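The residues making up each chain are set out below.
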Amino acid sequence: MSELTMNKAKGQINVVLNSKNISHLVRDDRNEVINYEEHRVLKDIQKELDQLIGLDHVKKIIKEIYAWLYIDKVRKENGLKSNKQALHMIFKGNPGTGKTTVARLLGKLFFEMNVLSKGHFIEAERADLVGEYIGHTANKTRDLIKKARGGILFIDEAYSLARGGEKDFGKEAIDTLVKGMEDYCDDLVVILAGYPKEMDYFLSLNPGLPSRFPLTIEFPDYTVDELVKIAKQMLREREYEFTPEAERKLHDHIEEMLEEKQYGKFSNGRYVRNLIEKAIRKQAVRLLHEGRYDKKELTLIRGRDLIVGM
Ligand SMILES: Nc1ncnc2c1ncn2[C@@H]1O[C@H](COP(=O)(O)OP(=O)(O)O)[C@@H](O)[C@H]1O
Ligand SMILES: [Mg+2]
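Numbering of residues starts from 1 in each chain and follows the order in which that chain's sequence is written. Chain letters and ligand numbers both follow the written order, the letters beginning at A and the numbers at 1. Under the rules for a predicted model, residues below a pLDDT of 70 receive no local features and side-chain atom pairs below 80 are neither given nor counted, while totals for whole chains, interfaces and linings still include all residues. As a rule here, side-chain values come from all non-hydrogen atoms in the structure, and water together with hydrogens is ignored.

The name given to the protein in an unreviewed UniProt entry is Stage V sporulation protein K, with Parageobacillus thermoglucosidasius as the source organism. In its Sequence similarities (unreviewed entry) section, the UniProt record describing the protein reads: "Belongs to the CbxX/CfxQ family." UniProt positions are given in the numbering used here, feature names are shortened, and annotations may be inferred rather than shown by experiment.

Our focus in this paragraph is the overall build of the protein. Looking only at helices and strands, one finds eleven helices and eleven strands in the protein. Residues are treated as being in contact if the distance between any of their heavy atoms lies within 4.5 Å. For the protein, the share of sequence-separated contacts (at least 6 apart) that also reach a separation of at least 24 residues comes to 69%. Accessible surface is estimated by sampling points in the Shrake-Rupley manner with a 1.4 Å probe; for residues, cover comes only from the protein chains shown. In the form shown here, the protein has an accessible surface area of approximately 17,400 Å², with 50% of it arising from carbon and sulfur atoms. Numbering goes from the N terminus for both helices and strands, where a helix is a DSSP run of H or I of at least four residues and a strand is a run of E of at least two.

Quick look at the site of ligand 1 now. Residues are counted as near a molecule or strand when any one of their heavy atoms sits within 4 Å of it. Neighbouring residues of ligand 1: 18 residues in total, closest Thr-100, Thr-101, Tyr-222, Arg-270 and Arg-273. As used in this structure description, the phrase polar contact means that two N or O atoms lie within 3.5 Å; if the pair is within protein, one of them must be able to donate a hydrogen and the other to accept it, and residues adjacent in sequence are counted only when both atoms belong to side chains. Between an oxygen atom of ligand 1 and a main-chain N or O atom of Thr-97, the distance comes to 3.1 Å. Between ligand 1 and Lys-99, the relevant distance is 2.8 Å, taken from an oxygen atom to a side-chain nitrogen or oxygen of the residue. Protein contact buries 88% of the 560 Å² of open area that ligand 1 shows by itself.

Next up on the list: unusual backbone geometry. Even without being glycine, Leu-55 reaches a positive phi, approximately 55°. Note on classification: 1.4 Å probe, protein chains only; a residue is buried when its accessible area is under 20% of the maximum for its type, exposed when over 50%, partly exposed between these limits. Residue Leu-55 is classed as buried on the basis of its relative accessible area of 9%. Although it is not a glycine, Glu-239 adopts a positive phi angle of roughly 60°. Within the fold, Glu-239 resides in the loop between α8 (224-237) and β10 (241-242).

A few words now on the environment of Thr-243. For Thr-243, the location among the structural elements is in the loop between β10 and α9 (244-259). With relative accessibility at 8%, the residue Thr-243 sits in the buried group. When the C-alpha positions of Thr-243 and Ile-301 are compared, they lie 6.2 Å apart, and in sequence the two are 58 residues distant.

Any Phe, Tyr or Trp ring, taking Trp's six-membered ring, that has another such ring centre within 6.5 Å forms a pair; planes under 30 degrees apart are called stacked, those over 60 apart edge-to-face, and the others tilted. Evaluated as defined, the whole model comprises six aromatic pairs. Ring centres of Phe-91 and Phe-154 lie 6.4 Å apart, and the angle between their planes is 70°; this geometry places the pair in the edge-to-face category. Separated by 63 residues along the polypeptide, Phe-91 in strand β5 (residues 89-93) and Phe-154 in strand β7 (residues 152-155) bring together distant segments of the chain. The pair Phe-91 / Phe-154 is uniform in exposure class, with both members buried.

Close inspection of predicted coordinates is inappropriate for parts of the model with low pLDDT. Along the chain, pLDDT gives the predictor's confidence residue by residue, from 0 to 100. In the predicted model, the protein carries a mean pLDDT of 87, and 87% of its residues have values of at least 70. Confidence drops under a pLDDT of 50 for residues 1-23, and excluding neighbours within four residues, the segment shows 37 contacts in the predicted structure.

Moving on to helix α6 (residues 170-183). With 14 residues, α6 ought to run about 20 Å at 1.5 Å a step, and its terminal C-alpha atoms sit 20 Å apart, in line with that. When we look at burial in α6, the residues that qualify are Gly-170, Ala-173, Ile-174, Thr-176, Leu-177, Val-178, Gly-180 and Met-181. Elements that come into contact with the buried residues of α6 comprise α4 (126-129), α5 (136-148), β7, β8 (189-194) and α7 (196-205). For a helix, the expected span equals 1.5 Å multiplied by the number of residues minus one.

Another aspect to go through is the packing of α8 against α9. Packing of α8 against α9 leaves a shortest axis separation of 9 Å and a crossing angle of 135°. Between α8 and α9, the angle falls in the class oblique. The element α8 and its partner α9 pack so that their crossing is right-handed. Only Glu-247, Leu-250, His-251, Ile-254, Glu-255 and Leu-258 of α9 make contact with α8, whose side of the interface consists of Val-224, Asp-225, Leu-227, Val-228, Ala-231 and Lys-232. Here the contact of α8 with α9 is built from residues that sort into seven nonpolar, one polar and four charged. Whenever a helix is involved, its axis is fitted only over the stretch in contact; in every case the axis is a line through C-alpha atoms, and angles between N-to-C directions fall within 0 to 180 degrees. Here the angle decides the label: under 35 degrees means roughly parallel, over 145 means roughly antiparallel, 65 to 115 means roughly perpendicular, and every other value means oblique. By convention, the crossing between two helices is left-handed when the near helix turns anticlockwise from the far helix through less than a right angle, and right-handed when the turn is clockwise. Under the grouping applied here, Gly and all other residues not named as nonpolar or charged are polar, the nonpolar ones being Ala, Val, Leu, Ile, Met, Phe, Trp, Tyr, Cys and Pro and the charged ones Asp, Glu, Lys and Arg.

Turning next to the nonpolar core. In this structure, Phe-91, Leu-106 and Phe-110 are the most contacted members of the largest nonpolar core, which totals 60 residues. Top element by residues in this core is helix α2 (residues 56-77). It accounts for eight residues. Residues from two domains meet in this core; each of domain 1 (85-219) and domain 2 (224-305) gives at least three. The contacts of Leu-106, once residues within four sequence positions are left out, are Ile-62, Met-89, Phe-91, Ile-152 and Ile-191. To form a nonpolar core, buried Ala, Val, Leu, Ile, Met, Phe, Trp, Tyr and Cys residues must be joined to one another through side-chain atoms within 4.5 Å. Residue ranges for the domains trace back to a domain assignment, done automatically or taken from a database.

This is the structure in structure tokens:
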């Protein structure tokens, strides 16, 4: 059994033949061996990523970012040139596809890796950056950047900054943002998020922006099976479960929604979460009426608790 270890003190990468102490070596999803004792930060973050259904390529990109940061650190320790780049990102995806959830996790990862001094997460939208009169916007945006310094500034529906055309203060917000990204380049990660098409259009209107956001992560819509898994997991976390009938009903309903492409109404994980929360309230009323309070029944979401089609 060969073991890959990295000797930080000496800055060498050694392949050690060792069959005794391999309990900390785990094969990851791509069947690659990783020394998780050395890479505890990666292990912790992967554990949290594992809670997320699907999103395989997002998980892969995060591992790449980790590897790249880690190797950059080891290179520096060896007196080699750093390849440090900005970590600002574009997240493209429809609502409820996990963008906010993943951005929060990245804050944690970057904090653990000493890339960010605090790793906190600030979510903002147009109204948090754009003011109502001349001079207001630059101040507002600067304040927001100051608050986000040391962490992640996540700007949702970022394309709305370009909404009003040339005369709109959104332009001023973008310029101030770019300036702030330069001033605090060592300790701030900005993520612009939004619908794929709108983001592409927004970036095409602002040709200076794409190069400042070297990483783009796409969040595809979930499949029916993934959404059912997400629903089941959300229930499990709350100590509930579907009866087989309820699960089938949910599956068929989501399938129908996706076939009809009711994307206006459909918001992936968020839609499912709303359904679950409604079902839990509905179940409570049903149990009250039925006077059934045994432990098993308290955990069961039955078909009639699920209100689909509204
Ligand atoms: N892959 C996933 N696995 C489990 N739950 C998810 C997943 N993606 C999204 N969710 C859940 O769906 C809801 C919406 O996700 P969110 O990250 O807010 O989406 P977005 O920011 O893209 O609109 C949250 O409750 C989140 O926990
Ligand atoms: Mg969001």
